[in-house]
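Single-letter residue listing:
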Amino acid sequence: MKKGDRSQVGHPGLPLDAGHAEIKPSPEPWLDGHELIHAPAPAVQGRGLGRELAVALTAYGHDTLGLAEVHATVDAGNAPSLSLLARLGYTRVRDIPENGGGTTSHLTHRRR
């Protein structure tokens, strides 16, 4: 792109800020492993982007990074995310009470 060019980069129909996704070593002291993080922006939720990201990053963790397990942590009240991860083969390991009063669910996907 040249300076001043206003053409859009990315997928037509999606805003430039479609959210955030990554797989990285977990910063949590109680989770020894890599964690999947995906947070589609509200403007793109319900279009399947979260599922595509979770599938791709889970496969990347297993196939490219060689991980036997990929973890995810989700707010226990986030039913859509919990349901999506369950459909992808993640199993709920435990619920962790948070200092602020909420609960985080720890899920794990094991290589098949």
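For the structure, see preceding data.
Conventions and cut-offs
Residues numbered from 1 in each chain as written. Predicted model: local features only at pLDDT ≥ 70, side-chain atom pairs only at ≥ 80, totals over all residues. Heavy atoms only, no water. Pairing = 2+ DSSP bridges. Helix = DSSP H or I, 4+ residues; strand = E, 2+ residues; numbered from the N terminus. Axes fitted to C-alpha atoms, helices over the stretch in contact; angles between N-to-C directions. 1 Å grid on protein atoms, 1.4 Å probe; cavity = no way out; pocket = protein on both sides within 12 Å on 5 of 7 lines; lining within 4 Å. Points joined across faces, edges and corners; volume = space filled by probe spheres on them. Nonpolar A, V, L, I, M, F, W, Y, C, P; charged D, E, K, R; others polar. Buried < 20%, exposed > 50% of the residue type's maximum accessible area, 1.4 Å probe, protein only. Arc of directions from axis to C-beta. Contact = heavy atoms within 4.5 Å. Core = buried A, V, L, I, M, F, W, Y, C linked by side-chain atoms within 4.5 Å. Expected span 1.5 Å × (residues − 1).

J.: If you had to explain the pairing of strand 4 (residues 91-97) to someone new, which residues and values would you point to?
T.: Sheet topology places strand 4 next to strand 5 (residues 103-110); six bridges connect them, and they run antiparallel. Counterpart to Pro97 in the pairing with strand 5 is Thr103. Linking two consecutive strands that pair antiparallel, namely strand 4 and strand 5, is a turn of five residues; a positive phi of about 105° is found at Gly101 within it.

J.: Any chance you could break down the sheet that holds strand 5 for me, citing the residues and the numbers?
T.: Reading across from one edge, 1-2-3-5-4 is the order of the five strands in this open sheet, with mixed pairing throughout. Unpaired on one side and paired on the other, strand 1 (19-25) and strand 4 mark the two borders of the sheet. Between one strand axis and the next, the sheet turns by 25° as a mean value, whatever way the strands run. With seven bridges connecting them, strand 1 and strand 2 (residues 34-40) associate as antiparallel partners. Within strand 2, the position partnered with Ile23 by the bridge is Leu36.

J.: Hey, could you go over the layout of surface pockets for me, with residue numbers and the actual values?
T.: Size it by volume and the largest pocket reaches roughly 480 Å³. Lining the largest pocket are 23 residues, with His38, Pro40, Asn78, Ser81 and Leu84 positioned closest to its centre. Of all the secondary-structure elements, those providing two or more residues to the lining of the largest pocket are strand 2, helix 1 (49-64), strand 3 (69-75) and helix 2 (79-87). Within the lining of the largest pocket, the residues separate by chemical class into 11 nonpolar, eight polar and four charged.

J.: Account for helix 2, naming residues and giving values.
T.: Those residues of helix 2 that fall on the buried side of the exposure criterion are Ser81, Leu82, Leu84 and Leu85. Seen end-on, helix 2 carries its buried residues on one side only, within an arc spanning 160°. In helix 2, the exposed residues that point more than 90 degrees away from the buried face are Pro80 and Arg87. The secondary structure elements touched by the buried residues of helix 2 are strand 2, helix 1, strand 3, strand 4 and strand 5.

J.: Can you explain the nonpolar core? Please cite residues and give values.
T.: In this structure, Leu36, Val70, Leu85, Tyr90 and Leu107 are the most contacted members of the largest nonpolar core, which totals 14 residues. Contributions of two or more residues to this core are made by helix 1, strand 3 and helix 2. When near neighbours in sequence (up to four residues on either side) are disregarded, Tyr90 contacts Leu36, Thr58, Val70, His71, Ala72, Leu85, Leu107, Thr108 and His109.

J.: With reference to specific residues and values, describe helix 1.
T.: Across its 16 residues, helix 1 extends 21 Å between first and last C-alpha, which sits within 8% of the 22 Å expected from 1.5 Å per residue. All of the buried residues in helix 1 are Leu49, Gly50, Ala54, Leu57, Thr58, Gly61 and His62. Where helix 1 is buried, its residues touch strand 1, strand 2, strand 3, helix 2 and strand 5. Gly66 lies just past helix 1 and shows a positive phi near 75°.

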